[in-house]
Amino acid sequence: MADTGNPADTGAQSRIVIENCAVATVDADDTEYASGHIVVNGNRIEAVGPGRVPEGLTGVTRRIDGTGHLVTPGLVNTHHHFYQWLTRGLAQDSHLFDWLVALYPIWARIDEEMVHAAARGSLAMMVRGGVTTAMDHHYVFPRGSGDLLGAEIRAAAELGVRFTATRGSMDRGESDGGLPPDFAVESTEDALAATEQAINTHHDSSFGSMLHIAAAPCSPFSVSTELMRQAAELARRKGVRLHTHGSETAEEEKFCHELFGMGPTDYFESTGWLGEDVWMAHCVHMTDKDIEAFGRTKTGAAHCPSSNARVAAGIARVPDMLAAGVPVGLGVDGTASNESGELHTELRNALLVNRLGPHRERALTVRQALRLGTHGGARVLGRHRETGSLEAGKLADLVLWKLDGLAHSSIADPVAALVLGAPAPVTASFVNGVQVVEDGRLLRADEDEIARGARDEARRLARISADAG
């Protein structure tokens, strides 16, 4: 059962009480309350339990009546590319490699203003849909483009979301057999130096940190073996996590065999890229041996069902990964391959897509889908001791989903309503105990202004790319 705590015995700070709501804690026992309460004290969850809050609780500055709502941990996104907000709707009918070839020349023209606008658009869409911990994998750094990682970090701070920013890199351009244009890649030395600088400047490892940095060379087909090896060494020396794309397509599998004489997972292991401090995006084309290696080493996977379908990558073997003990979370992925930009819809898509696989109706349950999007994602990012479940002592990252309207009115099980039903409205979302969404609208930013800014920068990028030929 959940540790309900005893709020009457602790020092009052500024308590928020939420009661009369269904509660899905996503703790180790999947404890749920048909009608329960949550007490938030400062930036921590102080108590979770059934019924109303006990009488005599002091220091309460706000009470929220959660009647008709389900409260869950905030959603955790484990893979994204914010800059792609500016190139949505392009290369609509391409598989991954052709899609990349079509878009790399455009992405290679981005600059700091564009990335800031794109990050604000990407984050706004996720935050108003229940994401409390965001992540981005930025790996395109054209020469003279400004502080692109800093632009993303500013955007996350502006919207008040917890953020894992990965400093990506590419050093294998077209002339070396890679996919990106040569002018869009860095030298190995420059990429490593910039990654170390980003860690030194921005990474905060304290409990409740709003900002983590990870090292993230892009993929086997855009990064040299030397960069992969040295990035792993750097990350472990600095005590940060590692992220890259892995086993996304059949073409990648073929590429690795042709170039390295082995499949992606064996290649990753040979370069030091398996371990509990590593997570890979996609992991679609995994053999039994690959899954065993991930489970044995506790290497994480970011499952991106909509993006995998959009670029015809395939169906990741999520049930098999979970059975093998692989940490699995959900990812939006870049909005050039998942134009909705929302994570809460991935709960449903993960369940439905995996039921098309060999496990059929036994592939995932609605509660497993919710776990992927919350505790699973927090574990993948190395933050499950702080967030990802509603338990006393954890950070107050939580969401109130409105389920008493027409769209969910006849679904008795609130978790089924959230996962299988239409996208549920977010009445309130809290990050670190601070409300960031109210009635589906951002509290810390003007959505209309964000939309205008992103639209203007998308048009500017299109003009620059067209002029460049």
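The structure under discussion appears in the preceding block.
Residues numbered from 1 in each chain as written. Predicted model: local features only at pLDDT ≥ 70, side-chain atom pairs only at ≥ 80, totals over all residues. Heavy atoms only, no water.

1. A short note on the pattern of salt bridges
A side chain of one charge can pair with a side chain of the opposite charge when the charged atoms of the two come close. The tally for this structure, following the rule as stated, stands at 26 salt bridges. We note a salt bridge from D30 to R371, for which the minimum N-O separation is 2.8 Å. A residue pair is termed long-range when its members are at least 10 positions apart, and D30 in the loop between β1 (15-24) and β2 (32-41) and R371 in helix α12 (residues 366-380) qualify at 341 residues. When its relative accessible area of 31% is taken as the criterion, D30 is described as partly exposed. Put simply, R236 and D277 hold a salt bridge, and the shortest N to O gap is 2.9 Å. A residue pair is termed long-range when its members are at least 10 positions apart, and R236 in helix α5 (residues 225-238) and D277 in the loop between α7 (264-270) and β11 (278-282) qualify at 41 residues. A relative accessible area of 37% means that R236 is categorised as partly exposed. With a relative accessible area of 19%, D277 lands in the buried category. Salt bridges sharing partners connect three or more residues here, namely E19, R52 and R63. (Salt bridge = Lys/Arg side-chain N within 4 Å of Asp/Glu carboxyl O. Helix = DSSP H or I, 4+ residues; strand = E, 2+ residues; numbered from the N terminus. Buried < 20%, exposed > 50% of the residue type's maximum accessible area, 1.4 Å probe, protein only.)

2. As for a positive patch on the surface
A cluster of basic residues, R452, R455, R459 and R463, forms a positive patch at the surface. Within the fold, R452 resides in helix α14 (residues 447-467). Judged by its relative accessible area of 42%, R452 is partly exposed. (Patch = residues over 30% accessible without salt bridge, like charges linked within 9 Å, V, L, I, M, F, W, Y side chains within 5 Å. Areas by Shrake-Rupley, 256 points an atom, 1.4 Å probe, with all protein chains shown as cover. Lys, Arg positive; Asp, Glu negative; His and termini not counted. Charge placed at Lys NZ, Arg CZ, Asp CG, Glu CD.)

3. Digging into the pairing of β1
Burial of β1 is extensive: nine of the 10 residues sit out of reach of the surface. Two strands pair when backbone bridges link them, and β1 and strand β4 (residues 60-65) are joined in this way by five bridges, in the parallel orientation. By the bridge assignment for β4, I16 is matched with R62. As paired elements, β1 and β2 share eight bridges and run antiparallel to each other. Note on β2: the bridge partner recorded for E19 is H37. (Pairing = 2+ DSSP bridges.)

4. What to know about the pairing of strand β15 (residues 426-431)
For a regular strand, side chains alternate in direction, first toward one face of the sheet and then toward the other. Among the six residues of β15, six are classified as buried, and the element is accordingly described as predominantly covered. Of the strand pairs in this sheet, strand β14 (residues 398-402) and β15 are connected by four bridges, and their pairing is antiparallel. The residue of β15 that forms the bridge with L398 is F430. Linking β15 back to strand β16 (residues 434-438) in an antiparallel pair, the connection comprises two residues, with N432 at a positive phi of about 60°.

5. Quick notes on the environment of I464
When you line up the elements, I464 lands in helix α14. Using a relative accessible area of 32% as the deciding quantity, one classes I464 as partly exposed. Sequence-wise, I464 and A250 are 214 residues apart; in three dimensions their C-alpha atoms are separated by 33 Å. In contact with I464, other than residues within four places in its own chain, are R109 and M114. (Contact = heavy atoms within 4.5 Å.)

6. Re the side chain of T271
Note that T271 resides in the loop between α7 and β11. With sequence-adjacent residues up to four places away left out, T271 is seen in contact with T225, M228, R229 and A232.

7. Looking at the environment of S409
Among the structural elements, S409 can be located in the loop between β14 and α13 (414-420). Take S409: its relative accessible area is 54%, and that puts it in the exposed class. Once the C-alpha coordinates of S409 and R362 are considered, the two residues, 47 residues apart in sequence, prove to be 26 Å apart. Of the polar contacts made by the side chain of S409, one reaches the backbone oxygen of L406; its length is 3.1 Å. (Polar contact = N/O pair within 3.5 Å; in protein donor to acceptor, adjacent residues only side chain to side chain.)

8. Structural notes on a negative patch on the surface
On the surface, a cluster of negative charge is made up of E189, D190, E226 and E233. Elements supplying a minimum of two residues to the negative patch: α4 (188-202) and α5. With respect to the helices and strands, the residue D190 is situated in helix α4. Judged by relative accessible area, D190 falls into the partly exposed class, the value being 49%.

9. Concerning the packing of aromatic side chains
Under the definition given, this model contains nine aromatic pairs. Considering the side-chain rings of Y83 and Y139, the 5.9 Å spacing of their centres and the 85° angle between planes classify their relative orientation as edge-to-face. Of the two residues, Y83 is situated in the loop between β6 (75-76) and α1 (96-107) and Y139 in the loop between β7 (131-138) and α3 (148-159); the sequence distance between them amounts to 56 residues. Centre to centre, the rings of Y267 and F268 are 6.2 Å apart; their planes meet at 45°, and the pair counts as tilted. With respect to class, Y267 is no different from F268; both count as buried. Feature note: the residues Y83, W99, Y104, W107 and Y139 constitute an aromatic cluster, connected by ring pairs. Residue placement shows R88 over the ring face of W85; its charged tip is 3.8 Å from the ring centre. (Phe/Tyr/Trp six-rings, centres within 6.5 Å; stacked < 30°, edge-to-face > 60°. Lys NZ or Arg CZ within 6 Å of the ring centre and 35° of its normal.)

10. Focus: the packing of α4 against α5
Close contact between α4 and α5 brings their axes to 11 Å; oriented N to C, the two are set at 20°. The angle between the axes of α4 and α5 places the two elements in the roughly parallel class. Helix-helix and strand crossings are classified by hand; for α4 and α5 the assignment is right-handed. Contacts from T188, A191, L192, T195, E196, I199 and N200 of α4 reach α5 at L227, Q230, A231, L234, R237 and K238. (Axes fitted to C-alpha atoms, helices over the stretch in contact; angles between N-to-C directions. Parallel < 35°, antiparallel > 145°, perpendicular 65-115°, else oblique. Left-handed = near helix turned anticlockwise from the far one by under 90°.)

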